[in-house]
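Chain and residue survey
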Amino acid sequence: MQTHLVFTVIAKDRPGLVERMAEVIAGLGGNWIESSMARLGGEFAGIVRVAIAGDKSKELVGQLEALSADGIDITLRSDKDGDETPAGASARLDLVSQDHPGILRDITHVLSEKGVSIEHLETEVAAGSMQGEAMFKARADLRLPVGLDPSDLSDALQETAGDLMADVNLVD
């Protein structure tokens, strides 16, 4: 019987980090299913889901945790079997605004009030194209709760976007 493990990883960025984890997983017959990883501020962080035979899962966790001796901190987050598909419609949110504190807080407040889950989020602050002002950009994949009309969410986001002087687009 297969078990699915989800774990987080964080380490000082350097070549070979992913290889070290992949060696451990493959060495025990595990299969790297999906991951999301990034380098941020000199640190490397990510979340990984693997499948492995149930009788090998404790050994895999132990070997991954042993990587901490090399400065690779791994924490098991879940050991649920399978992949549950969430209910509700999906949507994509794109946001651009002149950077200032609180943008993400205000937008995620609207999402939370409406019961929307964020499945994937990427943000960055980059120089604007014209005058080089700092621009905050966010892109999110969302899961709307059953019964929420995307236009209702869009209206709520547009109201907040106006207060933030942001451009927000919701595509369902």
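The preceding data block contains the structure.
Note that the structure is a prediction, hence the values are computed from the model and not measured.

Strand order in the open sheet formed by four strands is E2-E3-E1-E4, with antiparallel pairing between adjacent strands. The open sheet is flanked by strand E2 (31–40) and strand E4 (73–78), the only strands paired with a single partner. The sheet shows a mean angle of 20° between the axes of neighbouring strands, direction not considered. As paired elements, E2 and strand E3 (residues 43–53) share nine bridges and run antiparallel to each other. Among the inter-strand pairings, Arg-39 is bridged to a residue of E3, identified as Phe-44.

In this section: the nonpolar core. By size, the foremost hydrophobic cluster in this structure holds 22 residues, and its most contacted members are Leu-93, Leu-95, Ile-107, Leu-142, Leu-153, Leu-157 and Val-168. Looking at this core, the elements with two or more residues in it are strand E5 (90–98), helix H3 (103–113), strand E7 (134–143), helix H4 (150–164) and strand E8 (166–171). Of all the elements, H4 adds the most residues to this core, at five residues. Apart from residues lying up to four places away in sequence, Leu-153 is in contact with Val-110, Leu-111, Lys-114, Val-116, Leu-142, Leu-144, Leu-148 and Leu-170. Counting 19 residues, the second-largest nonpolar core is a separate cluster that includes Leu-5, Leu-17, Ile-25 and Val-61.

Next up on the list: the sheet that holds E7. Picture the strands of a sheet paired through backbone hydrogen bonds; they go either parallel or antiparallel. Within the open sheet, the four strands sit side by side as E6-E7-E5-E8. Their pairing is antiparallel. Bordering the open sheet on either side are strand E6 (117–127) and E8, each of which pairs with just one other strand. Across the sheet, the mean angle from the axis of one strand to that of its neighbour is 10°, orientation sign disregarded. The pairing of E6 with E7 spans ten bridges and is classified as antiparallel.

The next point concerns the pairing of E7. Sheet topology places E5 next to E7; nine bridges connect them, and they run antiparallel. Bridge pairing in E7 links Ser-97 to Phe-136. The antiparallel pairing of E6 with E7 creates a hairpin that spans six residues between the two strands, and Gly-132 there sits at a positive phi of about 75°.

Criteria and cut-off values
- Residues numbered from 1 in each chain as written.
- Predicted model: local features only at pLDDT ≥ 70, side-chain atom pairs only at ≥ 80, totals over all residues.
- Heavy atoms only, no water.
- Pairing = 2+ DSSP bridges.
- Helix = DSSP H or I, 4+ residues; strand = E, 2+ residues; numbered from the N terminus.
- Axes fitted to C-alpha atoms, helices over the stretch in contact; angles between N-to-C directions.
- Core = buried A, V, L, I, M, F, W, Y, C linked by side-chain atoms within 4.5 Å.
- Buried < 20%, exposed > 50% of the residue type's maximum accessible area, 1.4 Å probe, protein only.
- Contact = heavy atoms within 4.5 Å.

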